[in-house]
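# Breakdown of the fold
What follows is each chain in one-letter form.
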There are 2 protein chains.
Amino acid sequence: MPALEKVSSNRVSTGYLTKYKFPSSSLSLPTQFNLFVPSSASSSSPVPVLFYLAGLTCNEDTGAQKGGFLNKAGEEGIAVVFPDTSPRGAGVEGEDDDWQLGTGAGFYLNATSEKWKKHYNMYDLIVKELPEVLKEANLGLDFSKVSIMGHSMGGHGAMSIYLKNPGQYKSASAFAPACNPSKTPWGINAFTNYLHTVTRSSPPSEWLQYDSTHLLQNFEAEAHLLVDVGTEDDFLKKGQLEPKALESVGKEGVEVRLQDGFDHSYYFISTFAPEHVAYHAKFLKA
Amino acid sequence: MPALEKVSSNRVSTGYLTKYKFPSSSLSLPTQFNLFVPSSASSSSPVPVLFYLAGLTCNEDTGAQKGGFLNKAGEEGIAVVFPDTSPRGAGVEGEDDDWQLGTGAGFYLNATSEKWKKHYNMYDLIVKELPEVLKEANLGLDFSKVSIMGHSMGGHGAMSIYLKNPGQYKSASAFAPACNPSKTPWGINAFTNYLHTVTRSSPPSEWLQYDSTHLLQNFEAEAHLLVDVGTEDDFLKKGQLEPKALESVGKEGVEVRLQDGFDHSYYFISTFAPEHVAYHAKFLKA
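The notes below deal with the structure included here.

How each quantity is defined
Residues numbered from 1 in each chain as written. Chains lettered and ligands numbered in written order. Predicted model: local features only at pLDDT ≥ 70, side-chain atom pairs only at ≥ 80, totals over all residues. Heavy atoms only, no water. Bend = angle between axes of the 7 residues up to and from the residue. Helix = DSSP H or I, 4+ residues; strand = E, 2+ residues; numbered from the N terminus. Buried < 20%, exposed > 50% of the residue type's maximum accessible area, 1.4 Å probe, protein only. Contact = heavy atoms within 4.5 Å. Least-squares fit on C-alpha atoms with pLDDT ≥ 70 in both. Buried area = accessible area lost by both parts, 1.4 Å probe. Salt bridge = Lys/Arg side-chain N within 4 Å of Asp/Glu carboxyl O. Polar contact = N/O pair within 3.5 Å; in protein donor to acceptor, adjacent residues only side chain to side chain. Phe/Tyr/Trp six-rings, centres within 6.5 Å; stacked < 30°, edge-to-face > 60°. Expected span 1.5 Å × (residues − 1).

## Notes on helix α3 (residues 122–137) of chain A
Residue and element names in this part refer to chain A.
- At E129, α3 shows its maximal kink, close to 40°; a proline, P131, follows between one and four residues later.
- The set of residues buried in α3 consists of M122, Y123, L125, I126, V127, E129, L130, P131, V133 and L134.
- Buried-residue contacts for α3 involve β2 (15–24), β3 (29–38), β4 (47–53), β5 (79–83), β6 (141–151) and α4 (153–164).
- Of the residues trailing α3, N138 is marked for its positive phi of about 55°.

This is the structure we're talking about:
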């Protein structure tokens, strides 16, 4: 297991936010993440863990700096992990040309197309490698109590990861997520490029494995999923988010809320951040 | 009175954050600021106003995005004004060469030296022009109830403005402020450049009029001043802040708190932001 290199550390809320770097085997590149750990955490009294997946163009700092999660997380005694949104410096042709693909746009999947598959494996990083690396580092985190949330592309990531791994996460929540990416522009663009699609059904099964609406239709466990979308979100209006698709599955335990007047920005996130942390605390501390 | 041009608007907390632009007569240039107004505000039921002055290198967005003030301000029903930290595009030779002087470093004073005096008049902007422009715009703000806070250079600004204008502000607070700038490097550099110093006493009286420690020694009104400084703040260690100078004045109503382990960053500010808003609410809503 690779050693975590400490990049920086800031006292915040009831603990510390530390930025770490390590050579990721999922990405075949070094990656950075921020980790908030409340001071109450110790190996004899480990704390629950909440992942926050950021959206397009963002990185490991965005949610930590602008999300407004940390005071509530500190009060609840919950650690928060802020991963990056993609590999950095993979050197794939064109990866820096389009804010919707490549750098800053990993889409939380494992790429299978020749061009992208060596480095663009954010799914494995989030679901498998980061938890292993963090367990190994012995930081007072309880990986039997993990939840996951995210924004926009990261909302898609949080929901699809939650729904693909029943039992691994206690709950999921999302701000303005792409709910049905196999049918909406960001997702179609990402899946077309990242995934080596053999089948020609529409949408292909390789796409549906990362589509939260599809996954929810087939999710047999009890769901704990909270989704907030602002009514003035331009990406909602442009058909990128489609929360109604998710809601129309009619699954118990899935709450989709339209928040009047809010947009796609971190001002929206920071308004409801404490509520989302409290939502997860209910399941993480049950 | 110049018209306010709306640049952007975001729903946040219990209201809206709106970015405005207007031609400032103090700066002889257009300037931008952000204004949070809780939805409860109206001309028949105006709300108190809290100014937040940001530090070196920052602008009108920094405190709004990273400060963590807005949920508490919304809950308390208080408006928050986030001005810029300097004129922009003044064209003064060298103004973009040094992060401690010129652009992003207006020091909340009125410049008197030939080189800077046309544009660098942030004191008049904050103390006189912005309140007048906002009153005129009829946005449901109660300018009989105003308080002021800030960070670092902006903490110096908030405290010195509060202490120079007894009765105009109900209270002041600061995160990691430069408390004794006539004797510390940032202040000496700023005052040497911005102020046309005639007297040769040490420090000159032109400097002392912006030095909070000096102003507090001569402040005869009842003080309501809260100061937080982190013990791991590098600028504290480098002698830029000198909270002990302020504390040693021994003025009742001035609380200087050293916060264990915190540094100079917005992680520090966001941790104590709700407490500062609550502190001001006590006086603004008395």
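More follows now that the structure is in view.
## Structural notes on the relation of the copies chain A and chain B
- Relative to chain B, chain A is turned by 180° and slid 0.0 Å along the rotation axis, the superposed coordinates differing by an RMSD of 0.0 Å. Taken together, the turn and the small shift mark the pair as related by a two-fold rotation axis. Relative to the rotation axis, the closest C-alpha in chain A is found at A:K66, a distance of 2.6 Å.
- A share of 100% of interface residues in chain A that are also interface residues in chain B marks the association as one of identical surfaces.

## Some thoughts on the side chain of A:T31
- Locating A:T31 in the fold gives a position in strand β3.
- In contact with A:T31, not counting residues within four places along its chain, are A:Y20, A:K21, A:F22, A:S24, A:D84 and A:L125.

## Observations regarding the interface of chain A and chain B
- Residue-level contacts link 22 residues of chain A with 22 residues of chain B.
- With both sides pooled, the region where chain A packs onto chain B buries about 1700 Å², and carbon together with sulfur makes up 49% of that total.
- Among the residues chain A hides against chain B, the three largest losses belong to A:R11, A:Q65 and A:Y267. Together they make up 38% of the total.
- For the pair chain A and chain B, the number of links is zero salt bridges.
- Along the contact surface separating chain A from chain B lie eight residue pairs in polar contact (both at pLDDT 80 or more).
- At the level of elements, β1 (5–12), β2, α1 (62–66), α2 (70–76) and α10 (266–284) of chain A are the ones that each hand at least two residues to the side of chain A that touches chain B.
- Here the side of chain A that touches chain B takes five residues from α10(A), the largest share from any one element.

## Section: the environment of A:L109
Residue and element names in this part refer to chain A.
- Its location among the elements puts L109 in the loop between β5 and α3.
- Taking the C-alpha atoms as reference points, L109 and I161, 52 residues apart in sequence, are found 9.1 Å from one another.
- Apart from residues no more than four positions distant in its own chain, L109 is found in contact with Y120, N121, M122, Y123, F191, Y194, L195 and Y210.

## Remarks on the packing of aromatic side chains
- For the coordinates displayed, the defined rule picks out 40 aromatic pairs over all chains.
- Seen in terms of ring centroids, A:Y52 and A:F82 are 5.8 Å apart; in terms of plane orientation they differ by 55°. Their pairing is tilted. Separated by 30 residues along the polypeptide, A:Y52 in strand β4 and A:F82 in strand β5 bring together distant segments of the chain. Here A:Y52 and A:F82 have matching classes, each one buried.
- Note on B:Y123 and B:Y210: the rings are 6.1 Å apart at their centroids and 70° apart in plane angle, and the pair reads as edge-to-face. Within this pair, whereas B:Y123 is found in helix α3 (residues 122–137), its partner B:Y210 is found in the loop between α6 (205–208) and α7 (212–217), the two being separated by 87 residues in sequence.
- On the basis of relative accessible area, B:Y123 is assigned to the buried category, the value being 8%.

## A look at unusual backbone geometry
- Phi at A:Y108 takes a positive value of approximately 55°, unusual for a residue other than glycine.
- Unlike most non-glycine residues, B:E242 shows phi in positive territory, near 50°.
- Here B:E242 is to be found in the loop between α8 (234–237) and α9 (243–247).

## Considering the pattern of salt bridges
- A full pass over the atoms with the stated rule returns 24 salt bridges over all chains.
- The salt bridge partner of A:E275 is A:R257, with a shortest N-O separation of 2.8 Å. Taken together, the positions of A:E275 in helix α10 and A:R257 in strand β9 (residues 254–259) put the pair 18 residues apart, joining distant regions of the chain.
- B:E76 is the salt-bridge partner of B:K72, the closest N and O atoms lying 4.0 Å from each other. Here B:E76 and B:K72 lie together in helix α2 (residues 70–76), a separation of four residues that amounts to about one turn.
- Classification of B:E76 as buried rests on a relative accessible area of 19%.
- Taken together, the shared-partner salt bridges in this structure form one network comprising A:K72, A:E75, A:E76 and A:K285.

## Looking at the environment of A:D233
All names here are of chain A.
- Here D233 lies in the loop between β8 (225–230) and α8 (234–237).
- In sequence terms D233 and D260 are 27 residues apart; their C-alpha atoms lie 9.9 Å from each other.
- For D233, the contacting residues outside a window of four places in its chain are A176, L241, F262, D263 and H264.
- There is a polar contact of 2.7 Å between the side chain of D233 and the backbone nitrogen of F235.

## Quick word on helix α4 (residues 153–164) of chain B
All names here are of chain B.
- For α4, which comprises twelve residues, the first-to-last C-alpha distance of 16 Å matches the rise-based estimate of 16 Å (1.5 Å per residue) to within 8%.
- Within α4, eleven of the twelve residues are buried, which leaves it mostly tucked inside the rest of the structure.
- Residues of α4 that are buried include every one of M153, G154, G155, H156, G157, A158, M159, S160, I161, Y162 and L163, and no others.

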